[in-house]
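What follows is the residue order along each chain.
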Amino acid sequence: MPNNPDTRALTLINVEPHYPAHWEADVVLADGGTAHLRPIRPEDADILRAFYSRLSDQSIYFRFFGPRPRLSDREVAWFTTVDYVNRVALIATLGTEMVAVVRFDRMEQQDSAEVAFLVEDAHQGRGVASVLMEHMRAAARERGIKRFIADVLPSNARMMAFFRQVGYTAQSQFEDGVVRMTLDLATTETSREVTTAREHRAEARSIERLLTPTSVVVVGAGREAGGIGQTVLRNLLGADFNGPVYPVHREVRAVAGVRAYKSVSAIDGDVDLAVVAVPADAVLDVVKECAEKGVKGLVVVSSGFGETGAEGRARQDDLVRIARAYGLRVVGPNCLGIANTDPSVRLNATLAARLPGRGRVGFFSQSGALGTALLQRVAQRGMGISTFVSAGNRADVSGNDLLQYWEEDPATDVVLLYLESLGNPRKFARLARRTSRKKPIVVVKSGGTTQGVPLGHAAPVLGLPDTALSALFEQAGVIRVDDLTQLFDVAQLLAYQPLPAGPRVGVVSNSDALALLAVDACVAAGLEPCPPANLGARAGAGEYRRALAEMDCEVDAIVAIYMPPVPGNAAEVAAELVRVARDRGKPVLATFEGRMGMPPELRVPGEGGDPGKGSIPSYPAAEEAVRALAHVVRYACWRETPQGTSPELQDVDTAGAKTVVEELLAAAGSGGNKASPGGAGDDQAHGSGGTAVEVDATELLARYGLEVWPAEVVATPEEAVAAAERLGWPVVVRSADPEVSHRAGTVRLGLSDRGGVRRAYEDLAARLGPDVTLSVQRMAPQPAVPTVVRMVDDLDFGAVVSFGLGEVTARLLGDEAFRMAPLTLEDAAGLVRSIRAAPLLFGEHGYPPVAVDALEDLLVRVGRLADELPEVARLDLDPILVGESGVNLLGARAVLRDAVGPRPDRGPRRLR
């Protein structure tokens, strides 16, 4: 009988209970609802009894291997009183009720524990056990448990299947009438895949529930014209929502001709979605009422929350906490609303009276105020959308959730994101990289915000330029554009035309001047224009047909310019362009009479009369068309490039590296060097709970197969000579201060005798001042190219690896490239080739070709270190000399911070 107080002592080891608050989490279940997970407490006795009273006889039998109609007081005390070390229990709650519990008890074999689950019958099949298992496994690993043992009745096939499907190595044997299952808790590739797949399905389902309601209530819909609640109500009715709409107002009997209810609970039927438009201080009461009614999701258009300051932020936190505790996801607050143009739904729960028609574009806007203008722009261009979500303050539902939904949504081909911040950048990068392999994502950057990590300011916060963020988007396959015009320019091409197979562009035009502008734009954008076909001002459909036929086999995309001096053959020319786009399978885009969007003449009928696949987008100027095409060509190239995998590195000792970090932090705690204010890692210790310390990284890097050449700090000319004798000739004498060593004239090379070392020391000491610290190091083989590799790890944003040349000019020009860790070989190769000075590494401009493959291997190792050791806030490898036969790492410093636990996108699933 597992975990039974009648057969086990109350304590294994006398441990003072310390409540692990960091184990608490809000989670999304398999059906899209939410629950709260937390460690059990002694005061949970009453909710445990209530939970037990709702269990079926079969559930009790499977758990305790026999009938047990009630729990005794002793049993309740046993189950609710744990030490969180040897005896641990986690519960799942909905509102004030417990709906599931999982527990482990450490066995005599200290790295093993007996585990048992119990889920209320009404909540079985919702994925409660699987998410509890993830969190219990993480808690067990934290407490040194390596395996779970579970005794299961042979008739409990469902539980045996559950243990086999969690992704961990499972073994089973039959003894004493039960099946004993042993689960190795070590992470496996299968367990990662299982967790990721469950997260994807659950979060996608939670958004699907919001966007496909069968009934909607508008709370706060009054009679005043122009009121927020009434506006949403009228827009729902105007879109002919395919289900009942219930206005709620405590004082009126009808709103907009529809019967009103005094409360949500007074509504006769079920309610799936609630739109909340009441004053901020009344929202929490509405949330509780909706939860009691069984509402599945909330759209809070009310303002007065996080955007107003500390008090509003506290109110917003309460909103999310209460909603999630009762199983609801929240869009908003301070948002425009949500929409779904599916004819079977017809949902316009927004403040925008006019929605675009049905289309293949999913649109997420963080800004509520800008949302209406964005929808108007879509409609003006004649484009359609599949679904739209304005998240406002993004307190709960974020762009990451929408990526999970749109990735598999058959109605969405293109994803548009207007983002002011990245709430969980690590997760965004992971999801975007996966989604972009199937569907293009176009992001428009914006300035700062009080929420999350601002796009326009995130990079400087990390000590990185804004170009770093663009590079990270590019690594994930995300198309980043500079403004809303470009957002829709790119979107209309992606939505209606196929991806190009390459960069070759054919330009056909009835204007020589416009053709030349288009060709110049192609060259500037990195495309490969063919000689343009200049047809003359009076060209008609026949001339365009012949020109397009002649260039078809030589190009990957066509830019057609039709700007007649007087109106004439527009319809015939348009028909010819549409035919070519249909028959050739290559993207065609146009500057058609200077019009913007999807002109009727260039449309292929789609669903509901909206533009369909094969419709040709038009741009006011040829340069704008080329700019959009260049974005799409780069995306198509990225999509065709193999994703790559992280190589196996046999000489990496991760466990040893963790030990080194622990020892360095311990030594620093007893007098180590703190990172200097404003220096490396000062801001990077954010969230670490301790002081950042700067250390020599030689021993740490050795665990990742990277050797740092030894250098000795010296205080006199005689010490410098002695160091040179030990290290071997020739040597260099340089400043040991990383900030000073970047300056010109702070190093003396090729010193091969004692006199030269003495003179070098005296010269540098006189030049740099009496407080200078100098070092001696053996000179690396020449010729070689000096390079610099850095890693910066922000606890929210993630670990970013940068690469550049070490020469003063490159540093001044900021010629540096960036990638997010970990790095595949393809990532490392792209990182090396992304800097403007990359030709110097490949034998151009008089430099000999160097060992780029060894440099790429070093970058992969640094990326792995960054990914595995969150305690490393910053790493500076400077300089790295890349020669013809290999790399020589001459200097390495690291900034460490206290252990921070799993990163935001690591560990068991949780909402953040």
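Everything discussed here concerns the structure shown above.
Fair warning: this is a prediction, and the values are worked out from it, not measured in the lab.

Asks: Lay out the sheet that holds strand β33 (residues 747–751) with the relevant residues and their values.
Replies: Sheet architecture is open: 4 strands sit in the order β31-β34-β32-β33, paired in antiparallel fashion. Each having just a single partner strand, β31 (711–714) and β33 make up the two edges of the open sheet. Between one strand axis and the next, the sheet turns through 20° on average, direction left out of account. Across 5 bridges, strand β32 (residues 731–735) lies against strand β34 (residues 774–778) in antiparallel orientation. Its bridge partner lying in β34, S735 is registered against L774. Along the sheet, helix α22 (residues 717–727) makes contact with β31, β32 and β34, crossing β31 at roughly 165°. Sitting on the sheet, helix α24 (residues 754–768) touches β31, β32, β33 and β34, and the angle it makes with β33 is about 175°.

Asks: Which residues make up the environment of D876, and what are the values?
Replies: Locating D876 in the fold gives a position in strand β38 (residues 872–883). Within the structure, D876 has its side chain in polar contact with the side chain of R874 (distance 3.1 Å).

Asks: A description of the pairing of strand β8 (residues 178–184) should follow, citing residues and the corresponding values.
Replies: Judged from the 6 bridges that link them, strand β6 (residues 147–152) and β8 form a sheet pairing that is antiparallel. Within the sheet, the bridge partner assigned to F148 lies in β8 and is L183. Strand direction decides the pairing type here: strand β7 (residues 169–175) and β8, joined by 7 bridges, are antiparallel. The residue of β8 that forms the bridge with S172 is M181. Between the antiparallel neighbours β7 and β8 lie 2 residues, among them D176 with a positive phi of about 55°.

Asks: Explain the side chain of D827 to me, using residue names and the numbers behind them.
Replies: Locating D827 in the fold gives a position in helix α26 (residues 825–833). Among the residues examined, D827 registers a relative accessible area of 7% and is labelled buried. A distance of 3.1 Å separates the side chain of D827 from the side chain of R433, its partner in a polar contact. Every residue in contact with D827, bar those within four places of it in the chain, is listed here: R433, Q475, R819 and P822.

Asks: Quick rundown of empty space enclosed by the protein? Include the residues and the values.
Replies: A full pass over the atoms with the stated rule returns 5 cavities of 30 Å³ or more. The volume enclosed by the largest cavity comes to roughly 130 Å³. Contributing to the lining of the largest cavity are I40, L48, F51, Y52, R63, F64, L71, F79, V101, R103, A116 and L118. Mapped by element, the contributors of at least two residues to the lining of the largest cavity are α1 (45–53), α2 (57–64), β4 (97–106) and β5 (112–119). A per-element tally of the lining of the largest cavity places α1 first, with 3 residues. Its residues assigned to classes, the lining of the largest cavity shows 10 nonpolar, no polar and 2 charged. By volume, the second largest cavity is sized at about 80 Å³. Lining the second largest cavity are F364, Q366, R394, S398, G399, N400, L419, S421, L422, G423, N424 and F428.

About the thresholds
- Here the residue index of a chain counts from 1 through its sequence in written order.
- Restriction of local features to residues with pLDDT of at least 70 applies here, the model being predicted, together with a cutoff of 80 or more for giving and counting side-chain atom pairs; totals for whole chains, interfaces and linings are based on all residues.
- Side-chain measures were taken over the full set of non-hydrogen atoms in the model, leaving aside hydrogen atoms and water.
- DSSP calls a pair of strands paired once it identifies at least 2 bridges connecting them.
- Think of it this way: any DSSP run of H or I at least four residues long counts as a helix, any run of E at least two long counts as a strand, and we number them from the N terminus.
- In this description, a line fitted to the C-alpha atoms serves as the axis of each element, helices being fitted only across the stretch in contact, and the angle between N-to-C directions of two axes falls anywhere from 0 to 180 degrees.
- What makes two residues a contact is simply this: any of their non-hydrogen atoms within 4.5 Å.
- Distance and chemistry together define a polar contact, namely a pair of N or O atoms within 3.5 Å, with one atom able to donate a hydrogen and the other to accept it when in protein, and with adjacent residues in sequence counting only for side-chain atoms on both sides.
- Here's how the labels work: a residue is buried when its accessible area is under 20% of the maximum for its type, exposed when over 50%, partly exposed in between, all with a 1.4 Å probe on protein chains only.
- Cavities and pockets are defined on a 1 Å grid built over the protein atoms alone: a cavity is a set of grid points where a 1.4 Å probe fits but cannot escape, while a pocket is an open set with protein on both sides within 12 Å along at least five of seven lines, and lining residues are those with an atom within 4 Å of any such point.
- Grid points are joined across faces, edges and corners, and a volume is the space filled by probe spheres set on the points.
- Residues are grouped as follows: Ala, Val, Leu, Ile, Met, Phe, Trp, Tyr, Cys and Pro are nonpolar; Asp, Glu, Lys and Arg are charged; every other residue, Gly included, is polar.

Purely geometric stuff here, so don't read any function into it on its own.
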